[in-house]
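Notes for the structure review
Here is how the chains run, residue by residue.
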Amino acid sequence: MIFDRNTPRLPNAVIGSLWLIAFSILLLTSLQVQAEEQPIATIYSTSGDVQVIDSKNKSQPAQLGQSLIEGEAVRTGNDGKAALKVQDGSTFRVRPNSLVPIDGRLTRDKAVGTVLFVHGKVELISPDGLYRRTVKGGKVYQGDVITTGTASSLQLDMIDGGYFAVRPDSKVEINDYVYQQKETDKVTATLLRGGLRSITGAIGQTNKRNFALKTPVATIGIRGTDLEIYYLSEQDAAQYTAQTGKATEAGSYLKVKSGEAVLKTDVAEQTVKPREIAYTTSAAVAPVFVPVEEAEENTPPVFEAETYEEPIPGKNEPEEEDKPWPIYFKSSASTGISQASRYYNVDLNDSEISTSTLPLVGRKANKADGTTSNPEATYLNLDIEGSMHYLPFDNTDLYIGGMIGKRYADEDQDINLISIRMGAQVEFGERVTLSAKFRHHLAESAFTEDLAVGDINQQPESGYEIDQLVARLDFNLIPTLDLFTQFHASTLRWDEPYNDGSMAYFDRKEKELNMLEVGGRYHFSPLMSLTASLVGGESISPYYINTTRYEEKEELSGFKLKAETGIGAVKLFAAADQFKAEGTDTNTNSSDIQVLTLGGEMSFSEQLVLKAASRHMSVDNSDSYDGTEEADLTQVSLRYHF
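Quick caveat: nothing in here was measured; it's all calculated off a predicted structure. Throughout, residues of each chain are indexed from 1 in the direction in which the sequence is written. It should be noted that, the model being predicted, local features are given only for residues of pLDDT at least 70 and side-chain atom pairs only at 80 or more, the latter also being counted only at that level, while totals for whole chains, interfaces and linings use all residues. Side-chain calculation: all heavy atoms of the structure are included, whereas hydrogens and water are not.

This part is about the overall build of the protein chain. A run of H or I in DSSP becomes a helix once it reaches four residues, and a run of E becomes a strand once it reaches two; helices and strands are each numbered from the N terminus. Of regular secondary structure, the protein chain possesses 5 helices and 41 strands. By residue count, 43% of the 642 residues in the protein chain fall in the buried class. In this description, contact between two residues means that some pair of their heavy atoms is separated by no more than 4.5 Å. Considering only residue pairs separated by 6 or more positions, the protein chain has 56% of its internal contacts joining residues 24 or more positions apart. Where accessible areas are quoted, they stem from the Shrake-Rupley method and a 1.4 Å probe; at the residue level, only the protein chains shown are allowed to cover. When the accessible surface of the protein chain is totalled, it reaches about 33,200 Å², and 54% of it is carbon and sulfur. Residue burial is assigned from relative accessible area. The probe radius is 1.4 Å, only protein chains are included, and a residue is buried under 20% of its type maximum, exposed over 50%, and partly exposed in between.

So, about helix 3 (residues 234–244). Of the residues making up helix 3, those classed as buried are Asp236, Ala237 and Tyr240. Down the axis of helix 3, the buried side of the element spans an arc of 100°, and every buried residue falls inside it. Counted as exposed and oriented over 90 degrees from the buried face of helix 3: Glu234, Gln235 and Ala242. In this fold, the buried residues of helix 3 make contact with strand 17 (186–199) and strand 20 (226–232). A positive phi of about 80° marks glycine 245, the residue just after helix 3. To obtain the arc, one takes the directions from the helix axis to the C-beta atoms.

On the secondary structure map, serine 490 appears in strand 34 (residues 481–499). Here the alpha-carbon distance between serine 490 and aspartate 467, two residues 23 residues apart in the chain, equals 5.4 Å.

The next subject is the pattern of salt bridges. Salt bridges, as used here, are contacts in which a Lys or Arg side-chain nitrogen is within 4 Å of a carboxyl oxygen on Asp or Glu. Tallying each qualifying case throughout the model produces 18 salt bridges. Put simply, arginine 167 and glutamate 309 hold a salt bridge, and the shortest N to O gap is 2.7 Å. Here the residue arginine 167 occupies a position in the loop between strand 15 (163–166) and strand 16 (171–178), and glutamate 309 occupies one in the loop between helix 4 (292–297) and strand 26 (327–341), the gap between them amounting to 142 residues. Exposure remark for arginine 167: the relative accessible area of 1% places this residue in the buried category. Within this structure, Arg167, Arg197, Asp226, Glu228 and Glu309 form a network of salt bridges that share partners.

Here the rule is simple: two strands pair whenever DSSP picks up at least two bridges between them. With 3 bridges connecting them, strand 18 (residues 211–214) and strand 19 (residues 219–222) associate as antiparallel partners. Looking across to strand 19, one finds that leucine 213 is bridged to isoleucine 220. Connecting strand 18 to the next strand, strand 19, in antiparallel fashion are 4 residues. Bridging between strand 19 and strand 22 (residues 261–264) involves 4 bridges; their strand directions are antiparallel. Residue pairing in the sheet places isoleucine 220 in a bridge with leucine 263 of strand 22.

Let's shift gears to the sheet that holds strand 3 (residues 59–61). If you trace the 4 strands from one edge of the open sheet to the other, you get 3-2-5-8, paired in antiparallel fashion. Every interior strand has two partners, whereas the edge strands, strand 3 and strand 8 (99–101), have only one. Adjacent strand axes in the sheet meet at a mean angle of 25°, parallel and antiparallel pairs treated alike. Relative to strand 5 (residues 73–76), strand 2 (residues 50–53) runs antiparallel, the two being bridged by 4 bridges. The partner of glutamine 51 across the bridge, within strand 5, is arginine 75. Note on definitions: angles span 0 to 180 degrees between N-to-C directions of axes, and those axes are lines fitted to C-alpha atoms, for helices only across the stretch in contact.

Think of a nonpolar core as a cluster: buried Ala, Val, Leu, Ile, Met, Phe, Trp, Tyr and Cys residues, connected wherever their side-chain atoms sit within 4.5 Å. Ranked by size, the top nonpolar core spans 34 residues in total, and within it Ile146, Phe164, Leu213, Ile220 and Leu254 carry the most contacts. Take this core: its biggest share by element is 4 residues, from strand 17. Ignoring any residue separated from it by four or fewer positions in sequence, one finds leucine 213 in contact with Phe164, Ala189, Leu196, Ser198, Ala218, Thr219, Ile220, Leu227 and Ile229. Core analysis: the second largest hydrophobic core is formed by 16 residues, Val74, Val86, Val100 and Leu130 among them.

The subject of this paragraph is the side chain of serine 529. Within the secondary structure, serine 529 is located in strand 36 (residues 528–545). Looking at serine 529, its side chain comes within polar contact range of the side chain of arginine 521, at 3.2 Å. Here a polar contact is recorded for every N or O atom pair within 3.5 Å, except that within protein the pair must consist of a potential hydrogen donor and a potential acceptor, and residues adjacent in sequence are included only if both atoms are side-chain atoms.

Attention now moves to the environment of proline 542. Among the secondary structure elements, proline 542 is positioned in strand 36. Expressed as a C-alpha distance, the spacing of proline 542 and lysine 553, which sit 11 residues apart in the sequence, is 8.6 Å. Aside from chain neighbours lying at most four places away, what touches proline 542 is Glu510, Arg549, Tyr550 and Glu551.

Our next topic: the side chain of serine 170. Structurally, the position occupied by serine 170 is in the loop between strand 15 and strand 16. At 2.8 Å, the side chain of serine 170 and the backbone oxygen of arginine 167 are in polar contact. One polar contact links the side chain of serine 170 to the main-chain amide nitrogen of glycine 195, over a distance of 2.8 Å. The residues contacting serine 170, other than those within four sequence positions of it, are Ile146, Thr147, Thr148, Arg193, Gly194 and Gly195.

Here the focus is a nonpolar patch on the surface. Only residues whose relative accessible area exceeds 30% and that take part in no salt bridge are eligible for patches, with like-charged residues grouped when within 9 Å of each other and nonpolar side chains (Val, Leu, Ile, Met, Phe, Trp, Tyr) grouped when within 5 Å. On the surface, Ile337, Leu380, Leu382, Tyr408, Met602, Phe604, Leu610, Val636 and Leu638 cluster together into a nonpolar patch covering about 740 Å² of accessible area. Those elements giving two or more residues to the nonpolar patch turn out to be strand 27 (376–390) and strand 41 (627–641). Examined against the element boundaries, leucine 610 turns out to sit in strand 40 (residues 608–621).

Take unusual backbone geometry next. Only a minority of non-glycine residues have a phi that is not negative, and only a minority of peptide bonds are not trans. Positive phi, normally seen in glycine, also occurs at asparagine 97, with a value near 55°. Checked against the element boundaries, asparagine 97 lands in the loop between strand 7 (91–94) and strand 8. One non-glycine residue, alanine 151, adopts positive backbone phi at about 55°.

Bringing the packing of aromatic side chains into the picture now. Stacked, tilted and edge-to-face pairs are distinguished by plane angle, under 30 degrees for stacked and over 60 for edge-to-face with tilted covering the rest, among Phe, Tyr and Trp rings (Trp via its six-membered ring) whose centres lie within 6.5 Å. Enumeration over the complete set of coordinates arrives at 5 aromatic pairs. Taking the centre distance of 6.2 Å and the plane angle of 75° together, the rings of phenylalanine 164 and tyrosine 177 count as edge-to-face. One end of the pair, phenylalanine 164, is in strand 15; the other, tyrosine 177, is in strand 16, with 13 residues separating them in the sequence. Residue tyrosine 177 is classed as buried on the basis of its relative accessible area, which comes to 4%. Of note, lysine 562 hangs over the ring of phenylalanine 573, and the distance from its end group to the ring centre comes to 4.9 Å. Two limits define a charge over a ring: the Lys NZ or Arg CZ must be within 6 Å of the ring centre, and within 35 degrees of the ring normal.

The predictor attaches a confidence to each residue, and that confidence, scored 0 to 100, is pLDDT. When pLDDT is averaged along the protein chain, the result is 80, and 77% of the positions lie at 70 or above. Long-range and interchain partners of residues 362–374, a stretch whose pLDDT sits below 50, account for 35 contacts in this model, where long-range means more than four residues apart. Taken as a whole, residues 447–461 scores under 50 in pLDDT and shows 36 contacts with residues more than four places along the chain or in a different chain.

Most of strand 17 sits out of view: 11 of its 14 residues are buried. Bridge count between strand 15 and strand 17: 4 bridges; the pairing is antiparallel. In the sheet register, valine 166 faces strand 17, and the bridge partner there is leucine 196. Sheet topology note: the strand 16/strand 17 ladder contains 7 bridges and is antiparallel. Each residue of the ladder has a partner; that of lysine 171, found in strand 17, is arginine 193. Sheet topology note: the strand 17/strand 18 ladder contains 4 bridges and is parallel.

As structure tokens, then:
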């Protein structure tokens, strides 16, 4: 065909576009072919009858080093075995009479851990039943089951910065490991046999409630922790006993290196701190606690076995150098409601404060003009408290802390609270504990009603404050019986309205309480106990005439009883106190004080606890004009421990 100048021609732009389209089609086709032919695995070893089946269902004998691509498969006969090496260096094992498709299952996305070190024989089993061997740099995925052989171990760097070290002769399943920097981040791993060391990463630091390590008989919760756990079957325990000569029970064992953890069964839980140990033989029994001194002298054999764990800078440290930080912090916040009738709104969960405030019964309702003001009040309670603890020695805990709170009520009866405390606790061996603490507690009422008698008006400043010192000695006589003695000294000050008919004012009252308590606590079971004690001492009420100080003294005597029980996360208690206050001179009246308290708590988690308590108090002043005074106080609170 001959073209002349009159022959129509395509514009150059159209011709260029056609060339570009054709080139793009060729390029995409080439990339697709390359992607399809990109090797997913190679044949690492074979024995017996091993065939490779291509995408057209044609088979040929497998060859060492042969590349395998998407769509192919490996089939083994009765005596056939094969090992496939994938891109991350892991080696899959193909067992006899098996058919393994070559697809994305061999190169799963979103690995949850990277192998830092592997020693000996370690196998990983994926959820679809594929076995693989791993190497340094290999990947571990959610759902994998890790098994280690004798004298073998695996160390993993997890995606959130955490760390797992699987001990010899162990089996661990990675149930959940989700890290998206959200509240839904979660870690759940199950130790089915052997041992596991875990150092928490970002999930364990920010979402502590979503981090759990499980065994067939217990669950371990954490609060930012480096810990080691073991689970032994009856056969494993017998083997440890035979090898070490130390009696070893089957069950779950927990040892904390730093931070804090909780060993929980179906019936109870045990908090474990640095260098402490806890164990349980069954989900139906409470954990057994092993304090630091006993743990160092009688460490269970499982924690003395060879681990083959290699020190890796920036990830773990040699075990002999692991030492907990000597300073740690505790904090909590709570909210709730309470109702007080003729009694100041004290904390029923604080037995020492409640004891110190016994003289406040009946004072709240008295006004200077002799009438009754607000005999009942309902409060909304808000509290925040915290403490710093310093551990200079293994057996010593020094602390300082405080609390601020608010009690909102109607009729301008709001109360502001502030408390400062400090103390120390020293353990002498495994049986004796000595503790001492001091606290200043201040409650100021925002009550703004004026008192008026004739032309006299006065702004009251009702409330109370306590300075308190408690020293206590505990002695564990036998595993089921604890004996204790406690000295309690406190000074209570409060404002009491006074009216002599011509003027009204608030009189500053003061009472000093010095009490010695001796008693014991018997444990019928891990969740049931009875505490009984005898109390003796004196109270001093100073008063002044002009500038001369005088004192009214009363001798105190009585007893306390408290019964506790529980079922799982629910704990209940009942307490009855009886006191006799007898004046030491003819001008001082005597009184009988009875206190009955019922309460309980429910733990929704390690951090969240619901508490409720109700107290009825009766003061019989039958030999004085005051008669019998009664007061009631009920509280419900929800506390969260950070």
